[in-house]
Amino acid sequence: MTALRTFNAVLGRDVFVTGRELPSFLAQVIIQPFFTLFIFGKVLAQIGFVQGNFAEVLLPGVVALNGFLGALQNTTLPLVLDFSWTREIEDRLLAPMPIALVAVEKMVFGALRGLLAAVLMIPIGFIILGLTWPVSSLPLVLVVLILGSLAGAAIGMVVGTSVPPRRINIMFAVILTPLMFTGSTQFPWSSLNDDLLWFKVVCALNPLTYASEAMRAVLLPNGQNIALWISLLVMVGAIALFGAIGIRGFMRRALD
């Protein structure tokens, strides 16, 4: 019980700090997806370079992307700072809870920030693109966003505990761009034909693909999407796999 209370207290403190940093957080998570939706969903549609229903495909993918990458970044960057030469992580390690639980708190906090980033984009997307989603779909949308954010946080834990602080900028350039463009956020995965089979395989290896496809399976059930149960299962598997690897890496770095 002491460990659980400590976990809740540490998580509550991190959430409180997010409130104090809200303007910078909003700028971080809104500007890039805002312009993605505006250019690809609004401008290109109005000048006829994309089909009229492209916005319906784009918005679920961008919302999933914002949650996934928001969680990844907000897990990785604090870890890099904590494990830098200042060793700020030592304050957390002195708390009366297991080291593994400290790592879980880091992932949960990153996932919460990713979830907030995703939820914020929904009304913004509605305004920009003139779309609405049925209210009945929102509970399942929330489930998908939670799983997608947790998957992003788990991968962020792996990156944050594997990459030296001096190389983190390079790793973000190497990791984030491929994740963004192989995550099926701008297109349905099943629409990739045999001429792009190699790219289809690459996209299938990206957990973000299943977050994007799950969003579309909920909101566009008549589309050609990966079955919802498959996407949910893959995301749960990604959380378990990368979470276990990340926690192991966290414990190794913490005990160095």
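Computed from a predicted structure; not experimentally measured.

**Points about the overall build of the chain**
Within the chain one finds ten helices and zero strands. For the chain, the α and β elements follow one another from N to C terminus as α-α-α-α-α-α-α-α-α-α. Taken over C-alpha atoms, the radius of gyration comes to 19 Å for the chain, in line with the 18 Å a tight globule of 256 residues would show. In terms of principal-axis extent, the alpha carbons of the chain reach across some 60 × 40 × 35 Å. Burial analysis of the chain (256 residues in total) assigns 47% to the buried set.

**Details of the UniProt feature "transmembrane region" (unreviewed entry) in the chain**
Feature annotation in UniProt assigns "transmembrane region" (unreviewed entry) to the following positions: residues 116-135, 141-163, 170-189 and 226-247. The annotated region residues 141-163 carries 96% helix and 0% strand content, and the separation between its end C-alpha atoms amounts to 33 Å.

**With respect to a nonpolar patch on the surface**
Taken together, the side chains of Ile31, Phe35, Phe38, Ile39 and Phe40 present a nonpolar region at the surface, about 450 Å² in accessible area. The topology assignment puts phenylalanine 35 in helix H2 (residues 22-46). Classification of phenylalanine 35 as partly exposed rests on a relative accessible area of 47%.

**What about the layout of surface pockets?**
There is about 180 Å³ of room inside the second largest pocket. Lining the second largest pocket are Gln28, Val29, Gln32, Pro33, Leu65, Asn66, Leu69, Gly70, Gln73, Leu176 and Met180. For the lining of the second largest pocket, the elements supplying multiple residues, two or more each, are H2, helix H3 (54-82) and helix H7 (168-181). Element by element, the count of residues in the lining of the second largest pocket is highest for H3, at five residues. Across the lining of the second largest pocket, the residue classes tally to six nonpolar, five polar and no charged.

**Here we look at helix H1 (residues 2-20)**
If you check H1, its first and last C-alpha atoms are 27 Å apart, about what 19 residues at 1.5 Å a residue would give, namely 27 Å. Of all the positions in H1, only Thr6, Phe7, Val10, Leu11, Asp14 and Thr18 are classed as buried. The arc that holds every buried residue of H1, seen down its axis, measures 130 degrees, which confines them to one face. Residues of H1 that are exposed and point over 90 degrees away from its buried face: Arg5, Arg13, Phe16 and Arg20.

**Things to note about the nonpolar core**
By size, the foremost hydrophobic cluster in this structure holds 47 residues, and its most contacted members are Leu37, Val63, Phe68, Trp133, Leu145 and Met215. Elements with a minimum of two residues in this core: H2, H3, helix H5 (99-129), helix H6 (138-162), H7 and helix H9 (207-219). Ranked by the residues each element gives to this core, the list is headed by H3, at twelve residues. When sequence neighbours within four positions are dropped, the list of residues in contact with leucine 145 reads Val63, Ala64, Leu115, Ala118, Ile122 and Met215. Judged by nonpolar contacts, the second largest core, of 18 residues, contains Leu11, Ala103, Met107 and Ala153.

**As for the packing of H5 against helix H10 (residues 228-255)**
At a minimum axis distance of 9 Å, the contact between H5 and H10 shows a crossing angle of 120 degrees. Judged by the angle between their axes, H5 and H10 are oblique. Between H5 and H10 lies a crossing whose hand is right-handed. Contacts from Ile99, Ala100, Val102, Ala103, Val104 and Met107 in H5 reach Gly243, Ile247, Phe250, Met251, Ala254 and Leu255 in H10. Of the residues assigned to the contact of H5 with H10, the class counts are eleven nonpolar, one polar and no charged.

**As for the side chain of threonine 182**
Locating threonine 182 in the fold gives a position in the loop between H7 and helix H8 (197-204). Classification of threonine 182 as buried rests on a relative accessible area of 13%. Of the polar contacts made by the side chain of threonine 182, one reaches the backbone oxygen of proline 178; its length is 2.5 Å. Here asparagine 206 takes part through its side chain, which lies 3.0 Å from a polar atom of the side chain of threonine 182. Among all residues touching threonine 182, those that are not within four sequence positions of it are Phe199, Val202, Cys203, Asn206 and Thr209.

Criteria and thresholds
- Residues numbered from 1 in each chain as written.
- Predicted model: local features only at pLDDT ≥ 70, side-chain atom pairs only at ≥ 80, totals over all residues.
- Heavy atoms only, no water.
- Helix = DSSP H or I, 4+ residues; strand = E, 2+ residues; numbered from the N terminus.
- Rg over C-alpha atoms; globule rule 2.2 N^0.38 Å.
- Buried < 20%, exposed > 50% of the residue type's maximum accessible area, 1.4 Å probe, protein only.
- UniProt positions renumbered as here; feature names shortened; annotations may be inferred.
- Patch = residues over 30% accessible without salt bridge, like charges linked within 9 Å, V, L, I, M, F, W, Y side chains within 5 Å.
- Areas by Shrake-Rupley, 256 points an atom, 1.4 Å probe, with all protein chains shown as cover.
- Salt bridge = Lys/Arg side-chain N within 4 Å of Asp/Glu carboxyl O.
- 1 Å grid on protein atoms, 1.4 Å probe; cavity = no way out; pocket = protein on both sides within 12 Å on 5 of 7 lines; lining within 4 Å.
- Points joined across faces, edges and corners; volume = space filled by probe spheres on them.
- Nonpolar A, V, L, I, M, F, W, Y, C, P; charged D, E, K, R; others polar.
- Expected span 1.5 Å × (residues − 1).
- Arc of directions from axis to C-beta.
- Core = buried A, V, L, I, M, F, W, Y, C linked by side-chain atoms within 4.5 Å.
- Contact = heavy atoms within 4.5 Å.
- Axes fitted to C-alpha atoms, helices over the stretch in contact; angles between N-to-C directions.
- Parallel < 35°, antiparallel > 145°, perpendicular 65-115°, else oblique.
- Left-handed = near helix turned anticlockwise from the far one by under 90°.
- Polar contact = N/O pair within 3.5 Å; in protein donor to acceptor, adjacent residues only side chain to side chain.

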